[in-house]
Amino acid sequence: MLKHPKFSAIGAAALLAMTASAQAQTAAPQQMERVEVTGSRILSAGALAPAPVQVMTAADIASSGAANLQELLLKSPVFGGGAGSNSLSRNTSNFLTSSSGVSTLDLRNLGVDRTLVLVNGRRYVSGVPGSSAVDLNTIPTDFIERVEMLTGGASSTYGSDAVAGVVNIILKRNINGLKLDMQLGRSEKGDDEKKKFSASFGTSSADGRANLMTHFAFTRQGQTMARDHGVEYDQTSLAVLNPKTTNPADIFNVRKPTFSAFAPAGHFYGTDAAGKDIDFTYDAAGKQIPWSQNGPAGDGVGATGFNRQAYRAISVPTDRMLLATKGDYALSDKHQIFFEGTYAATKTKSEIEPFALSSSDIYPSTEVVPSEFLINGKTVRNPLVPANLVGDYFFQRRMADLGSRIQQADRDTFRFVLGMKGEVNPTWSYETYMGYGATKEGQRGNGQVNVLNMRNALEAIPDGKGGVMCRDELARAQGCVPVNIFGAGTISAAGVKYIAAPQSLNTKVTQKMAGFTVSGEPFEMPAGPVGIAVGGEWRAEFSEDVHDALTATGLNGGNALPDTKGSFNVKELFVETRLPLLKGLPLIKTLDGIAAVRASDYSTAGKTNSWNTGLDWAANSTVRVRLTKAVSTRAPNVGNLFQAPSQTFPSGLKDPCNGVKSTDTGALATNCKAAPGVAANMAANGGVFTLTQPDRDSISGYDSGNPDLKPEKGNSTTFGVVITPKGIPVLDKFAFTADYFDISIDKAINTPGRQYALDQCYSGTDTAFCKFITRRPNGTPGNSAGSIDLINEVPVNSGGQIAKGLDFTASYSDKIGAGRLNGRLSYTHLLKAEYKATDTAMPDPTAGELGSPRNRWSLNLGYEQGPWALTTTATFIGQSYLNDSFRKGYPQFTKADFKVASKTYLDMQGTYAVGKAQFYLGIDNVLGTKPAPIVSGLPGNTTGTATDAGTYDAIGRRYYLGVRYSM
């Protein structure tokens, strides 16, 4: 009978680390003839991981109470998720136009598309259109045996996207009977509701030839609103730094209130009959009052702006229903067929404040609304416009009449793998498989405005019967309803229906794959048998997203998001060998050489080659040394190649021309003064180029794909020591690892960044970037002359990234008193991290900056005695600093003034077993640790959370209780 030879097994050090779980497995290990380790395709007896592998087990998942695997993995110091990372979670995706609530992984802060996520060593369909990123919402947590995380390039073993490393999710091999898990939880604020139910069942045939496992789970994670979480959310907060201040406390101080200029009652600007400028809004009674955005005003009206924060969600509510099954059937003692199937249905809902509309959205050429029209040779006035507003007028209005902007998404992910594996003889094995995966999303949204209908509705005239009607006869025939925007709640229900622009987005991602591997030992060397694996793989990826017509053309007042569609396929061959060089010598128990090469041919990017080589030296039973060198590749994905020009509104940009004087000299001053509108701005502001808050907030631009992209190349080196001091008293219950990693990416597929483009253009360093920047040649009622209108961006093969550091792990397990104590420490020290926007750019050091602290660790401790068990997880995020490009704008401060303090989080779970039931109670963020104050206006802020929500816990203390039952 086969003994599952191709299921992955971990190295000795990783296996010892697994003993840190609160429910340590004490049973004798199952005998395995030949196994595959993560990072290698070669099957061999007693194989060890050829590169650094860290492991999280099913017991770790259970003791965390996590509903989503990402929640647990992000506690590991090897992952990034905040500033500097493009990883998504339900705490960082509320403001996305798509993919809200998606959960992805980012090893070493090198990007989600450089982190390859596998299930049982095989690829998994993406959950993000245009990307290779896997949505962990679709992985059933209670169906997982363990998760193995390998650092360093692994493209020669697994193909593209493994530049930073691999996350291999190993599903359970066997389940006996039925296992249930039910859980309820909530935050101490009464929100972030959590509900979970899962059932797993496994059975084998009487003759042992067939095995079948199935799993069902439903989880619900509720919404958290900003207004319910702390004083920092009471009013919209903005970090406002006076460029001349010398007080370091001003850096993290916030100005309250900092309200929006778009209020539900409207903000109107024009002239009266006497030709005098008027600037006004309305109070709750519908009376005209002076506009005073943040107050207090001299006339006593107070703040008239709008608090956006009160409408913003911190976390995206997510419902998941998962079905998973796997099984195998032995055709004979040597051959068996197997299958894996997964279906996941995910529902999410993002919510942000009502839409901010201005007259420039409706009339982009003039940016003002006419109040009078020429009808049959006579001037006719819009009766809805107040009498004291004469001629054209400018407005900004929060469209609260349409409600908050809510996007509801339904995602369905399906994956099926069918294969056959077996043994040709005791030393040769094979596996062949084919698979199909698909992710479909249907998203529906509200709160946007139909620009064309709004224009018709604003152009109202008397209907001759004492009422009003739309001026355009065709529009009237099509159901046009005039709208009154003067005051809060003044738009009728019929008007709301006419101007509303319901949104839709339908996406589809498919993955087809097939592959084979033959592994064996062709001959023996004096030090042992040579291991070899050869194989081939084929894969086809397709992705498309289709928006409603108004969104695609930008006629709903928001971003213009055209449809994107693209595909590629790749054919690959690989060979890997393990050479036993020496054994049985002084200080050389074994010395093995490792080598692998993969040749790939992409339909879009052409041919690539990747390889790796290494040494695995066991000096004795206590000390083992491993060294690998790898060259990995990542081919551009569908989004990189084919993304249609999609509008975005970047935040946090600093215009290099701001503050430049007409009398200044030098390259910066010369280039700024030559830009459209800048000279006129200076003339209007006493010779100083001056920007307003609306100028900074209204920068737009378009992101596009680049079909000329080539594959990027990653170079990685890992060097490590594994110490298992079994023969040393006191230390014999410990296992230690220390690994150095050095990953660099050349000709990276990246976007240099809009801030980089601005700096290069106006400093004169690289004026080629100026073609991507458009300034307003003339002032408008909403924006200043010379202010930035558009900055466009496309990906290029240029520049790169570097990540170097040290990983340390220590694990312990032994009887203490009447029970057993288990512990595991994972610590990462980041030595160096850099980003280069282009090949000629100076490196931008990022190690130690927000989102990339130099020091991070996670400590797991568990103690069990009889029916009782207690587990704790402490997570430390070291101090960091705001990024240096932001700091350079304030030379009066030192680096220490921009420091973000370290944070420590503590999670606990206690369990008590009664018969076949195990009851558990857990608390996350036991200490109630507050997030770092990274408020709006500071780099790294996650909109709506007042912190970097990918790095710090923005929700606070949470409780849960549950029961597990086996039968």
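To start, this report covers the structure provided alongside it. Quick caveat, the model's predicted, so the values are computed rather than measured.

1. Points about the overall build of the chain
A tally of regular secondary structure across the chain gives 15 helices and 51 strands. Against the globule reference of 30 Å for 967 residues, the chain gives a C-alpha radius of gyration of 31 Å, in line with a compact fold. Along the first, second and third principal axes, the C-alpha atoms of the chain reach 100 × 60 × 55 Å. Taken across its 967 residues, the chain has 56% of its residues classed as buried. Excluding contacts between residues fewer than 6 apart, the proportion of contacts in the chain whose partners are at least 24 apart in sequence is 72%. For the chain, the accessible surface area stands at approximately 38,200 Å², while carbon and sulfur atoms represent 58% of it. Between the mean site of the 94 positive side-chain charges and the mean site of the 87 negative ones, the chain shows a separation of 3 Å.

2. Notes on the side chain of aspartate 106
Note that aspartate 106 resides in the loop between helix H3 (69-73) and strand E4 (115-119). Arginine 114 is the oppositely charged side chain nearest to the buried, salt-bridge-free aspartate 106, at an N-O distance of 7.4 Å. Those residues within four positions of aspartate 106 in sequence are excluded, and the remaining contacts are Val78, Phe79, Gly80, Ser85, Asn86, Ser87, Gly111, Val112 and Thr115.

3. Observations regarding the packing of aromatic side chains
Per the stated rule, a full pass over the model turns up 20 aromatic pairs. The interplanar angle of 50 degrees and the centroid separation of 6.5 Å between the aromatic rings of phenylalanine 769 and phenylalanine 772 together place this pair among those described as tilted. The exposure class assigned to phenylalanine 769 is buried, which follows from its relative accessible area of 11%. Residue classification places phenylalanine 772 among the partly exposed residues on the basis of a relative accessible area of 22%. One aromatic cluster in this structure is built from Phe268, Phe280, Tyr282, Tyr393 and Phe486. Directly above the ring of tyrosine 881 sits lysine 895, whose terminal nitrogen or CZ lies 4.8 Å from the centroid.

4. Observations regarding the nonpolar core
Ranked by size, the top nonpolar core spans 36 residues in total, and within it Leu73, Val167 and Ile169 carry the most contacts. Elements represented by at least two residues in this core include exactly H3, E4, strand E6 (144-151), strand E7 (165-171) and strand E37 (734-746). Those residues in contact with leucine 73 that lie beyond four places of it in its chain are Met56, Phe79, Leu105, Leu136, Val147 and Met149.

5. A look at the state of the cysteines
Within the structure shown, the criterion is met by 3 disulfides. With a sulfur-sulfur separation of 2.0 Å, cysteine 657 is cross-linked through a disulfide to cysteine 672. Taking the sign of the S-S torsion, -90 degrees for the link of cysteine 657 and cysteine 672, the bridge is left-handed. Of this pair, cysteine 657 sits in the loop between strand E34 (646-648) and helix H11 (667-674) while cysteine 672 sits in helix H11; the two residues are 15 residues apart in sequence, bridging distant segments of the chain. By relative accessible area, cysteine 657 is classed as buried at 0%. A residue is classified by how much of its surface remains accessible, and cysteine 672, at 0% relative accessible area, is buried. Disulfide pairing is shown between cysteine 761 and cysteine 770; the S-S distance is 2.0 Å. Classification of the bridge connecting cysteine 761 and cysteine 770 rests on its S-S torsion, roughly 105 degrees, and on that basis the disulfide is right-handed. Cysteine 770 sits in the partly exposed class, given a relative accessible area of 26%.

6. Digging into the pattern of salt bridges
The final tally for this structure, using the stated rule, is 42 salt bridges. Here arginine 122 and glutamate 431 are joined by a salt bridge, their closest N and O atoms 2.9 Å apart. One end of the pair, arginine 122, is in strand E5 (residues 122-123); the other, glutamate 431, is in strand E23 (residues 428-446), with 309 residues separating them in the sequence. On the basis of relative accessibility, which here comes to 7%, the residue arginine 122 falls in the buried class.

7. Quick word on helix H6 (residues 451-458)
Of all the residues in H6, the buried ones are Val451, Asn453, Met454, Ala457 and Leu458. When H6 is viewed along its axis, its buried side chains cluster within an angular range of 160 degrees and face the same direction. Against strand E18 (356-358), helix H5 (359-362), strand E21 (390-398), strand E24 (460-462), strand E25 (468-470) and helix H8 (493-499) lie the buried residues of H6. Of the residues flanking the start of H6, the one acting as N-cap is asparagine 450, its side-chain oxygen 3.1 Å from the backbone nitrogen of leucine 452.

8. Observations concerning the sheet that holds strand E12 (residues 267-271)
Backbone hydrogen bonds are what pair the strands of a sheet, in a parallel or an antiparallel way. The 5 strands lie next to each other as E14-E13-E12-E21-E18, forming an open sheet whose pairing is antiparallel. Both outer strands of the open sheet, strand E14 (288-290) and E18, are each paired with one neighbouring strand and no more. Taken pair by pair, the neighbouring strands of this sheet meet at an average axis angle of 30 degrees, ignoring direction. When E12 meets strand E13 (residues 277-282), the two strands line up antiparallel, connected through 4 bridges. Looking at E13, one finds that threonine 271 is bridged to aspartate 277.

9. Points about the pairing of strand E36 (residues 712-723)
Here strand E33 (residues 623-634) runs beside E36; their pairing, made up of 12 bridges, is antiparallel. The residue of E36 that forms the bridge with arginine 626 is glycine 720. In this sheet, E37 lies alongside E36 in antiparallel orientation, the contact comprising 11 bridges. In the strand pairing of E37, threonine 718 is matched with phenylalanine 741.

How each quantity is defined
Residues numbered from 1 in each chain as written. Predicted model: local features only at pLDDT ≥ 70, side-chain atom pairs only at ≥ 80, totals over all residues. Heavy atoms only, no water. Helix = DSSP H or I, 4+ residues; strand = E, 2+ residues; numbered from the N terminus. Rg over C-alpha atoms; globule rule 2.2 N^0.38 Å. Buried < 20%, exposed > 50% of the residue type's maximum accessible area, 1.4 Å probe, protein only. Contact = heavy atoms within 4.5 Å. Areas by Shrake-Rupley, 256 points an atom, 1.4 Å probe, with all protein chains shown as cover. Lys, Arg positive; Asp, Glu negative; His and termini not counted. Charge placed at Lys NZ, Arg CZ, Asp CG, Glu CD. Salt bridge = Lys/Arg side-chain N within 4 Å of Asp/Glu carboxyl O. Phe/Tyr/Trp six-rings, centres within 6.5 Å; stacked < 30°, edge-to-face > 60°. Lys NZ or Arg CZ within 6 Å of the ring centre and 35° of its normal. Core = buried A, V, L, I, M, F, W, Y, C linked by side-chain atoms within 4.5 Å. Disulfide = S-S within 2.5 Å. Arc of directions from axis to C-beta. Polar contact = N/O pair within 3.5 Å; in protein donor to acceptor, adjacent residues only side chain to side chain. Pairing = 2+ DSSP bridges. Axes fitted to C-alpha atoms, helices over the stretch in contact; angles between N-to-C directions.

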